[in-house]
Every structure is written in C-alpha cells, then in structure tokens.
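# Descriptive structure summary
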Amino acid sequence: MDYEMLKEKMIKQQILARGVNNKKVLDAMRNIPRHEFVREKDKEYAYDDCAMPIGEGQTISQPYIVAYMSEFLMPDNDLKVLEIGTGSGYQTAILALLFKEVYTIERIEILQDRAKKVLKNFNLDNIYFRTGDGTSGWQEKAPFDRIIITGALQEIPEILKEQINKESGVIVAPVGGRLIQKMQRIIYKDNKEMVEEGIGCVFVPIIGKYGFKE
Ligand code: SAH
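As a starting point, this report considers the structure included with it. Since we're looking at a predicted model, the values are computed, not measured. (Residues numbered from 1 in each chain as written. Predicted model: local features only at pLDDT ≥ 70, side-chain atom pairs only at ≥ 80, totals over all residues. Heavy atoms only, no water.)

### What about the overall build of the protein?
- Within the protein, the secondary structure is distributed over 6 helices and 9 strands.
- In terms of overall dimensions, the protein is globule-like: its C-alpha atoms have a radius of gyration of 16 Å, near the 17 Å expected for 214 residues.
- A principal-axis box enclosing the C-alpha atoms of the protein has dimensions of 50 × 35 × 35 Å.
- Residue burial in the protein is summarised as follows: out of 214 residues, 54% are buried.
- Carbon and sulfur atoms form 49% of the exposed surface of the protein, whose accessible area is close to 10200 Å².
- Computed over 30 positive and 32 negative side-chain charges, the inter-centroid distance for the protein is 0 Å. (Helix = DSSP H or I, 4+ residues; strand = E, 2+ residues; numbered from the N terminus. Rg over C-alpha atoms; globule rule 2.2 N^0.38 Å. Buried < 20%, exposed > 50% of the residue type's maximum accessible area, 1.4 Å probe, protein only. Areas by Shrake-Rupley, 256 points an atom, 1.4 Å probe, with all protein chains shown as cover. Lys, Arg positive; Asp, Glu negative; His and termini not counted. Charge placed at Lys NZ, Arg CZ, Asp CG, Glu CD.)

If you want it as structure tokens, here you go:
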C-alpha cells in the first residue's frame, strides 16, 4: 500500500477541498500516519473519507473532522490543551504537533492502552494520559488554554468551563443530540464568552456524569 500517496490525496481531496487550509494543521496531518491508528484489517481504508470502528463500539473520526476541529480550535504551540475522548489517539497525535502540552482522557481503558502504545512510536513527549470520565475535566492540571471534546454532548458542562483560561481560552465540542450534533466553539476573551456554531456532524456520545447516560 502506498500510504504516502493515499495521505496526500486525503489532504487534497477531503481537507483542502473543503476549506481547511491552516498550514500547521495540514503539516501535522502529513506527519501522522493515520493507518497506524486503525485495526490491522482496516489499514488500507485508513485514508478514506469516513469514520471507522476502532472496537468497543467507538470510532476514529473522519479525517476532515479531525482537520476541521484542529483548525477551529485555533492552535498555537505555546498553549496547553485538554482532549476528552482519546479513542484511537489519532487526534491526540495531531494535537501533540500543534500544542505545547496535551492532556487526554479516555473512559475505556483498553482504548487508552492501545492509543498509548501506538503513540509511543512517534517520539511525542508532550502527551499526558488519564483513564476515566472526562466530563469533569482534569482539575489538577487546569487552567487549559484549549479544550476539545471528540464525542457528542448535550451541552458543555459548567465544570469544564471552569477549567478554561478565561482571558483567551477556546472550547470546541459537537453539541446536540445522541445521534446528530453541531460543532460549537466558545471563545473566551477577558472573562466574556462568545458562542459560535460550526458544521453539522455525527459523533459517538460522551458518556459520563455530565454527559449522556449509558
Ligand atoms: N478522537 C478520537 C475519537 C474517538 S470517539 C479518534 O479520532 O480516535 C470518542 C471517544 O470518547 C471514545 O473513545 C469514547 O470511549 C470516549 N469517551 C466517551 N465518553 C467519555 C468520557 N466521559 N470521558 C472520556 N472519554 C470518553
């Protein structure tokens, strides 16, 4: 399989063509081999234009969605980001190239362990893992400059908002129902919050104390 060729095609046809053109995001996606994050039998489809199952009823997000969220998050390499929903670890790897420090929480231990193992191969030394319910955030490491939630929520929990940098923080999450959502971005500036709506999307639910019920 010519993964390099498939990756370049993915970037051109799925990401650039749909308007994501942040150079740092595109470079990060060029540098992370997506086929390492899917199941062995799915490797040849890793650069296809869709989400894919990763086991435990969860999915690796569609490449375009990863690019879109990364750009929407307004990345900067001197900032600290919290990710909720490690899943395959693919988005985590992209974040690690875009940010100074990445704190990532996953509810399902098997997935977190698998992601850790894959991510070890990339010499990324700025990722910190935690297994558990991310809907309460990671209080000990707050405040975060950015929070990205890679699963659906009915609303962004107050407890997460309390952990964002209120001067200049940004939160990005798919917000809506269990089946379909709209990307939401909250931008903080000098203690004021501004809510924006992005594209429609379909994510697996975030399940937890301040998320959906099992
Ligand atoms: N960014 C990941 C997306 C995985 S899907 C990827 O592209 O691979 C969303 C993930 O959120 C799933 O792995 C799911 O197990 C996890 N999740 C669900 N509820 C959670 C919670 N309360 N805290 C942390 N992770 C959660």
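### Here's the deal with the site of the ligand
- The ligand sits among 24 residues. The nearest are Ser88, Glu106, Asp133, Gly134 and Ile207.
- Expressed as a share of its isolated accessible area of 580 Å², the protein-covered part of the ligand is 99%.
- Cavity membership is defined here by more than half of the atoms lying within 2 Å of grid points; on that basis the ligand lies in the largest pocket.
- Those elements that provide at least two residues to the shell around the ligand are β2 (58-60) and β4 (101-106).
- Ranked by residue count, the leading element in the shell around the ligand is β2, at 3 residues.
- Of the residues that constitute the shell around the ligand, the class distribution is 9 nonpolar, 12 polar and 3 charged. (Near = heavy atom within 4 Å. 1 Å grid on protein atoms, 1.4 Å probe; cavity = no way out; pocket = protein on both sides within 12 Å on 5 of 7 lines; lining within 4 Å. Sits in = over half its atoms within 2 Å of the grid points. Nonpolar A, V, L, I, M, F, W, Y, C, P; charged D, E, K, R; others polar.)

### Observations concerning the packing of aromatic side chains
- Considering all chains together, one arrives at 8 aromatic pairs under this definition.
- Aromatic side chains Phe37 and Tyr90 sit 5.6 Å apart centroid to centroid with 65 degrees between the ring planes, which places their arrangement in the edge-to-face category. Here the residue Phe37 occupies a position in the loop between α2 (23-31) and β1 (52-55), and Tyr90 occupies one in helix α4 (residues 90-98), the gap between them amounting to 53 residues.
- Residue Tyr90 is classed as buried on the basis of its relative accessible area of 1%.
- For the pair Tyr103 and Tyr128, a centre-to-centre distance of 4.9 Å together with 20 degrees between the ring planes defines the contact as stacked. Placement of the pair is Tyr103 in strand β4 and Tyr128 in strand β5 (residues 127-131), with a sequence separation of 25 residues.
- The class of Tyr128 is partly exposed, set by a relative accessible area of 35%.
- Members of the aromatic cluster, each reached through a chain of ring pairs, are Tyr103, Tyr128, Trp138 and Phe144. (Phe/Tyr/Trp six-rings, centres within 6.5 Å; stacked < 30°, edge-to-face > 60°.)

### Remarks on a positive patch on the surface
- A grouping of Arg114, Lys116, Lys117 and Lys120 is seen on the molecular surface, where their side chains present a positively charged patch.
- Assignment of secondary structure puts Lys120 in helix α5 (residues 109-120).
- Of the residues examined, Lys120 reaches a relative accessible area of 69% and is grouped as exposed. (Patch = residues over 30% accessible without salt bridge, like charges linked within 9 Å, V, L, I, M, F, W, Y side chains within 5 Å. Salt bridge = Lys/Arg side-chain N within 4 Å of Asp/Glu carboxyl O.)

### Quick notes on the layout of surface pockets
- In this structure, the largest pocket spans a volume of roughly 540 Å³.
- In terms of lining, the largest pocket is formed by 36 residues, of which the most central are Thr59, Gly85, Thr150, Gly151 and Val204.
- Put simply, the parts of the chain that give the lining of the largest pocket at least two residues each are β2, α3 (63-72), β3 (80-84), α4 and β4.
- Here the lining of the largest pocket is composed, by residue class, of 17 nonpolar, 15 polar and 4 charged.
- Taken as a whole, the second largest pocket spans an internal volume of roughly 160 Å³.
- Glu36, Phe37, Val38, Arg39, Ile54, Gly87, Ser88, Leu111, Arg114, Ala115 and Val118 are the residues that line the second largest pocket.
- Top contributing element to the lining of the second largest pocket by residue count: α5, with 4 residues.
- Grouping the constituent residues of the lining of the second largest pocket by class yields 6 nonpolar, 2 polar and 3 charged. (Points joined across faces, edges and corners; volume = space filled by probe spheres on them.)

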